[in-house]
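# Per-entry structural report
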Amino acid sequence: MRVISQDGTIDVSYEMAVVYVECESVIAKVGDKRYVMGSYSTEKKAIKAMEMLRDHHEKVAFLKTVINTEKGTQFVRSLSETNFDKMTQNYFQFPKDDDMQV
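Residues numbered from 1 in each chain as written. Predicted model: local features only at pLDDT ≥ 70, side-chain atom pairs only at ≥ 80, totals over all residues. Heavy atoms only, no water.

Two elements in contact, helix 1 (residues 43–66) and helix 2 (residues 70–78), have axes whose closest approach is 8 Å; the angle formed by their N-to-C orientations is 130 degrees. One element, helix 1, and the other, helix 2, form an angle in the oblique class. Contacts from Phe-62, Leu-63 and Val-66 of helix 1 reach helix 2 at Gly-72, Thr-73, Phe-75 and Val-76. For the contact of helix 1 with helix 2, the residue count by class is 5 nonpolar, 2 polar and no charged. (Axes fitted to C-alpha atoms, helices over the stretch in contact; angles between N-to-C directions. Helix = DSSP H or I, 4+ residues; strand = E, 2+ residues; numbered from the N terminus. Parallel < 35°, antiparallel > 145°, perpendicular 65-115°, else oblique. Contact = heavy atoms within 4.5 Å. Nonpolar A, V, L, I, M, F, W, Y, C, P; charged D, E, K, R; others polar.)

What follows deals with the sheet that holds strand 4 (residues 25–30). A sheet is described by the order of its strands in space; here 3 strands give the open sequence 3-4-5, paired in antiparallel fashion. The outermost strands of the open sheet, each flanked by one partner alone, are strand 3 (18–22) and strand 5 (33–39). If you compare each strand with its neighbour and ignore which way they point, the axes differ by 30 degrees on average. Of the pairings in the sheet, the one linking strand 4 to strand 5 comprises 6 bridges and is antiparallel in character. Bridging across to strand 5, Ile-27 finds its partner in Val-36. Sheet strands in contact with helix 1 are strand 3 and strand 4, and its direction is about 160 degrees off that of strand 3. (Pairing = 2+ DSSP bridges.)

Positive phi is not limited to glycine here, since Cys-23 has a value of about 60 degrees. Mapped onto the elements, Cys-23 comes out in the loop between strand 3 and strand 4. In this structure Cys-23 comes out as exposed when scored by relative accessible area, which is 52%. (Buried < 20%, exposed > 50% of the residue type's maximum accessible area, 1.4 Å probe, protein only.)

Now for the packing of aromatic side chains. Pairs of aromatic rings are described using the distance from one ring centre to the other and the angle between the two planes. Per the counting criterion, the structure on display carries 1 aromatic pair. Their ring planes at 90 degrees and their centres at 5.1 Å tell us that Phe-92 and Phe-94 sit as a pair that is edge-to-face. With relative accessibility at 2%, the residue Phe-94 sits in the buried group. (Phe/Tyr/Trp six-rings, centres within 6.5 Å; stacked < 30°, edge-to-face > 60°.)

This paragraph deals with the sheet that holds strand 1 (residues 2–4). Overall, mixed pairing links the 3 strands, which are arranged 2-1-6 in an open sheet. The outermost strands of the open sheet, each flanked by one partner alone, are strand 2 (11–13) and strand 6 (91–93). Going from strand to strand, the sheet's axes swing by 20 degrees on average, the running direction of each strand aside. Taken together, the 3 bridges between strand 1 and strand 6 define a ladder with parallel strand orientation. Counted as the bridge partner of Arg-2 is Tyr-91 from strand 6. Each of strand 1 and strand 6 touches helix 1; the most contacted strand, strand 6, lies at about 165 degrees to it.

Nothing here speaks to function; it is geometry throughout.
Below, the structure is given as structure tokens:
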């Protein structure tokens, strides 16, 4: 899965990065390089953004696991088009500070 910074200038592989909260920022470390993926007005917003990333990754991983099974087919059919679109996005872009509600 791809992880994209708030402003869209940084795009890293979730599987190759260590993503963590540092004060009011979300940082991705890939090898020796560190990238600010999101900057927030509070640490709580940064933590919430990390939770959103984990939640999205879990949904994508789950869908990839069950998509070609009988139960997976039933599950996919039960999703609304909007939920299906969200779950099949193989990327996550950190939301802007103003879009975050804690």
